[in-house]
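# A structural walkthrough
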Amino acid sequence: ILLDKVLNSDYAIVRYNALMLLEKLNHPNWHKALIASLQDSFEFTRRIAVSRMGSCGHSKFIPHLIDAFVNDYSALRVKFNIVESLNSFDTDLVIDQINKYFADKTFYLAETYKKELIKIANSDYAGDSIEDIKNKDSKLRNRVLSVLFLRNLQYHQIVDELLTIIQDKDEDPELKQYIVE
């Protein structure tokens with residue numbers, strides 16, 4: 001019933017709430033609803049869908065995020081969330097999917113979009129942050145700020161490195177506390 005509401009309701013608030021209920025229930029149809037919500041007429045729902053795709057980190061969403069970037073390019077808030085979500089995935093995986101997506105595309109701005117997406121994929125905020133956090137020569141305050149920067153973002157690819165820092169007996173307890181929080 002909830003997936004049907006996401007797909008067919010005439011009311012944006014019903015579609016949005018059905019999507020959120022599918023997420024809360026961790027329903028098997030939630031991923032289908034996320035993908036379908038990329039085409040929703042309500043821009044807020046599209047932003048939420050894009051953001052949730054990055055949050056859950058399933059690589060099957062990458063092609064859909066790339067497609068949304070191309071097809072919803074003028075919606076700046078959606079585009080911002082797409083960029084944030086793409087940055088939560090492994091760079092090589094994203095670039096591979098970008099190349100696959102644009103392999104047979106010939107529309108006017110295809111090359112421009114491809115270059116912009118590759119630039120986005122190569123902007124390694126997660127890598128820069130983890131290097132700042134691991135740098136024991138840096139001031140604790142700067143390392144903590146790098147941890148705080150990561151709080152609002154979903155960087156699945158650096159979780160193992162953060163866990164290694166937490167387990168390091170020689171690491172500053174305050175930094176470890178911020179990482180855990």
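Just so it is clear, the structure is predicted and the values come from calculations on it, not from any experiment. (Residues numbered from 1 in each chain as written. Predicted model: local features only at pLDDT ≥ 70, side-chain atom pairs only at ≥ 80, totals over all residues. Heavy atoms only, no water.)

The helix and strand tally for the protein stands at 12 helices and 0 strands. With the C-alpha coordinates aligned to their principal axes, the bounding extent of the protein is approximately 55 × 40 × 25 Å. Per-residue burial for the protein yields a buried fraction of 41% across its 181 residues. Partitioning the intrachain contacts of the protein with sequence separation of at least 6 by distance along the chain shows that 61% fall at a separation of at least 24. As displayed, the protein offers around 10600 Å² of accessible surface, 51% of which is attributable to carbon and sulfur atoms. Across the protein, the mean location of the 23 positive side-chain charges is 4 Å away from that of the 27 negative side-chain charges. (Helix = DSSP H or I, 4+ residues; strand = E, 2+ residues; numbered from the N terminus. Buried < 20%, exposed > 50% of the residue type's maximum accessible area, 1.4 Å probe, protein only. Contact = heavy atoms within 4.5 Å. Areas by Shrake-Rupley, 256 points an atom, 1.4 Å probe, with all protein chains shown as cover. Lys, Arg positive; Asp, Glu negative; His and termini not counted. Charge placed at Lys NZ, Arg CZ, Asp CG, Glu CD.)

Time to look at the environment of Lys-139. Assignment of secondary structure puts Lys-139 in the loop between helix H9 (125-134) and helix H10 (140-150). C-alpha of Lys-139 to C-alpha of Arg-151: the two residues are 12 residues apart in sequence and 19 Å apart in space.

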